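# Summary of the model geometry
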Amino acid sequence: MSDALQHECGIALVRLLKPLQYYKDKYGTAFYGINKMYLLMEKQHNRGQDGAGFASIKFDVEPGARYISRVRSNDQQPIQDVFAKINSRLNGVLQEYPERANDLDWQLSNMPYLGNIYLGHVRYGTFGKNSIESVHPFLRQNNWKHKNLIVAGNFNMTNSGELLKELIELGQHPKEYTDTVTVMEKIGHFLDDEVLDLYYKFKQKGISKKQASPLIAKELNIQKILTRASKNWDGGYAMAGMIGHGDAFVLRDPAGIRPAYYYADEEVVVVASERPVIQTVFNVDIDEVKEIERAHALIIKKDGEVSMQQIMEQLPKKSCSFERIYFSRGSDASIYQERKMLGKYIFPKVLESIDNDISNSVFSYIPNTAETSFYGMTEAAEEYLNEHKLQTILKGNKNISAQKLTEILSERPRIEKIAIKDAKLRTFITDDNSRDDLVAHVYDVTYGVVKPTDNLVIIDDSIVRGTTLKKSIIKILDRLNPKKIIVVSSAPQIRYPDCYGIDMARIDEFIAFKATLELLKDAGKYHIVDEVYLKCKKSLDQDHPENHVKEIYAPFTPEQISDKIAELLKTENIKAEVKIIFQSIENLHRACPNDTGDWYFTGDFPTPGGMKVVNRAFMNFYEGKSERAY
Ligand SMILES: O=P(O)(O)OC[C@H]1O[C@H](OP(=O)(O)OP(=O)(O)O)[C@H](O)[C@@H]1O
């Protein structure tokens, strides 16, 4: 497969419903929309640091004047770079025409980037090229206003190869093979079609070409276009688009895998991938920010009409739990609580692993995402201690001395900042080749708080490939000479690839998979690997295959796999005993009850394309191919 684009991303859309003068009067600037876009994108930088793009459309400018602007960057600091470029252009124009400083009509017609609607995107290019061409938004240009299409998405299609073939069957000759171009051309094809239908309709009524143009824009049925375009899409997506004359849409996949939130009032309509971003940037209450419904599109017509329209049949809701555990900012009210609960629910297993010996245990976390689950874990430790204190005091039957009582009451969990992250990068999504070296140097450790008699409990949000632990964390923690290192994962074992947006494409990289292969060898059951391969191969031409890879894990309990993982991660020179504890699937669902998408943990993929991907990923491993499964 060529370098298709698969990535986790963030989107931002702002539609200004009033004339620019309104924002200038109320907020002191006609650049209100651009400023809000900057904040929306900057506050989603966790969703993408490899590229950023911005596009805007001006309504109702004279023919010949440019009404679509776009700027993209794949620089070191892409968001900063995009807005530095925008600022410098805007300031340049203002310096050249100081007399136009308050002439907003002139500014709208003559200043680049200023517009009535804005679309932005931040991108992680997890593999393949990170060239400027792969940075969103994508632009499909045409001399007809309503045939111009700009799209930006947080998405991943499992069947991009088939979608490409469909385009070819439509008679097209795509100039490149990327998810985004394929998807954009699909929408573009039906957009052209719809525009043509409307044109003939008006022609029959004797309306001239020129007169038909605004009528087409008004009647353009976005719902119909999206329904036809998305018919065979299989994947996770939040797809945002703008059409040249000013209509816009954000379409969410039928299982609601990728997130998308919106807010609308009489001044603006805003869409972002994360809820608190909208809350902060527009200073609105949590209840005012709504989720775009799965299988629906939020459609904003040029005239300002906003509607939520169903595009396809809904699948059961399977919004991605990994978004909650790792990818999103932890400032969302629900995500914060969910992460804390993950820490809390895993505590009983931790307690067991330290033989209830809280006083000889130091608790800490691997920065940054795991910080919140750490709070949950320490709260659980405090609750346990309080109960323990109460029992000791009650047992003392009022005969405890004041000194003894003070001693009992002053006991608290030993919470320390042990691991320090030096680089402000998300190592998990750094491209595979450069990752090991980065991981090895990204963490440091605090000396002087751990005793040789101590257990060192350290929680991380997830263990994917285990490189963070093996190459860095376990080694540096061992330098502190603890008796035992207990690594706790707030997420369950990652056993299957993701193919809907969180970039985990190759099954043989997962530490849980590697450990399971070892267990199969130890148990003399490696023949299962051959059997599963044959089943996967057989399923290749099935429309609705099952996930055969589950059979690999079936002979073992999660604990057996965890213990094997610990064995694999403990390199030769490590002196401490190493124990790894993973969250159970049940507790994951208790902690995140509304986001039940869990295919990377359970193998239950919500679409047939996902099932195909997992089987293909296994075949790739078996055949020794290092290519990605989608
Ligand atoms: O087992 P691995 O394959 O090494 O991946 C898992 C690690 O990667 C992530 O950290 P990252 O640096 O991406 O982000 P964070 O600092 O926000 O947690 C995650 O939080 C884990 O620490």
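Keep in mind that this is a model prediction, so the values were computed, not measured. (Residues numbered from 1 in each chain as written. Predicted model: local features only at pLDDT ≥ 70, side-chain atom pairs only at ≥ 80, totals over all residues. Heavy atoms only, no water.)

## Quick look at the environment of Thr516
- Position of Thr516 among the secondary structure elements: in helix H16 (residues 511-522).
- The exposure class of Thr516 is buried, given its relative accessible area of 0%.
- The spatial distance from the C-alpha of Thr516 to the C-alpha of Pro497 is 15 Å, given a sequence separation of 19 residues.
- What Thr516 contacts, discounting residues up to four positions off in sequence, is Ile552, Tyr553, Phe556 and Ile561. (Helix = DSSP H or I, 4+ residues; strand = E, 2+ residues; numbered from the N terminus. Buried < 20%, exposed > 50% of the residue type's maximum accessible area, 1.4 Å probe, protein only. Contact = heavy atoms within 4.5 Å.)

## Description of empty space enclosed by the protein
- Taken as a whole and assessed by the stated rule, the structure comprises one cavity of 30 Å³ or more.
- One number sums up the size of the largest cavity: a volume of about 40 Å³.
- Every residue along the wall of the largest cavity is listed here: Ala505, Arg506, Ile507, Asp508, Ala617, Asn620, Phe621, Lys625, Ser626, Glu627, Arg628 and Ala629.
- In terms of residue class, the lining of the largest cavity is built from five nonpolar, two polar and five charged. (1 Å grid on protein atoms, 1.4 Å probe; cavity = no way out; pocket = protein on both sides within 12 Å on 5 of 7 lines; lining within 4 Å. Points joined across faces, edges and corners; volume = space filled by probe spheres on them. Nonpolar A, V, L, I, M, F, W, Y, C, P; charged D, E, K, R; others polar.)

## What to know about the pattern of salt bridges
- Evaluation of the coordinates by the stated rule reveals 35 salt bridges.
- Note that Lys224 is salt-bridged to Glu194, the shortest N-O span being 3.2 Å. One end of the pair, Lys224, is in helix H8 (residues 222-229); the other, Glu194, is in helix H6 (residues 179-204), and 30 residues separate them in sequence.
- Look at Glu194 and you get buried, because its relative accessible area is 5%.
- Taking the shortest distance from any N to any O, the salt bridge between Glu379 and Lys340 comes out at 2.6 Å. Taken together, the residues Glu379 in helix H12 (residues 371-395) and Lys340 in helix H11 (residues 333-353) connect sequence positions 39 residues apart.
- In this structure Lys340 comes out as buried when scored by relative accessible area, which is 13%.
- A single network of salt bridges, built from pairs that share partners, joins Arg47, Arg258, Glu274 and Glu323. (Salt bridge = Lys/Arg side-chain N within 4 Å of Asp/Glu carboxyl O.)

## Considering the sheet that holds strand E18 (residues 455-460)
- Across the sheet, five strands lie side by side as E15-E14-E18-E19-E20; this open sheet has parallel pairing. Each edge of the sheet is formed by a strand with only one pairing partner; in this case those strands are strand E15 (414-415) and strand E20 (577-582).
- Relative to E18, strand E14 (residues 361-365) runs parallel, the two being bridged by five bridges. By the bridge assignment for E18, Tyr365 is matched with Ile459.
- Sitting on the sheet, H11 is in contact with E14, E18, strand E19 (484-489) and E20, with an inclination near 150° to E20.
- H12 contacts E14, E15 and E18 of the sheet and is inclined by roughly 155° relative to E14. (Pairing = 2+ DSSP bridges. Axes fitted to C-alpha atoms, helices over the stretch in contact; angles between N-to-C directions.)

## Digging into the domain arrangement of the chain
- Domain parsing of the chain yields domain 1 (10-155 + 237-317) and domain 2 (323-622).
- With centres defined by C-alpha atoms, the gap from domain 1 to domain 2 works out at 37 Å.
- Taken together, the contact between domain 1 and domain 2 spans 18 residues of the former and 24 residues of the latter.
- Regarding the contact of domain 1 and domain 2, the summed buried area is about 1,800 Å², with carbon and sulfur atoms giving 49% of it.
- At the junction of domain 1 with domain 2, the criterion picks out three salt bridges.
- Where Glu323 meets Arg258, a salt bridge forms, and the shortest distance between an N and an O atom there is 2.7 Å.
- On inspection of domain 1 and its partner domain 2, the count reaches nine residue pairs in polar contact (both at pLDDT 80 or more).
- A per-element tally of the side of domain 1 that touches domain 2 places helix H9 (residues 275-282) first, with three residues.
- Of the residues assigned to the side of domain 1 that touches domain 2, the class counts are nine nonpolar, three polar and six charged. (Domains from an automatic or database assignment. Buried area = accessible area lost by both parts, 1.4 Å probe. Polar contact = N/O pair within 3.5 Å; in protein donor to acceptor, adjacent residues only side chain to side chain.)

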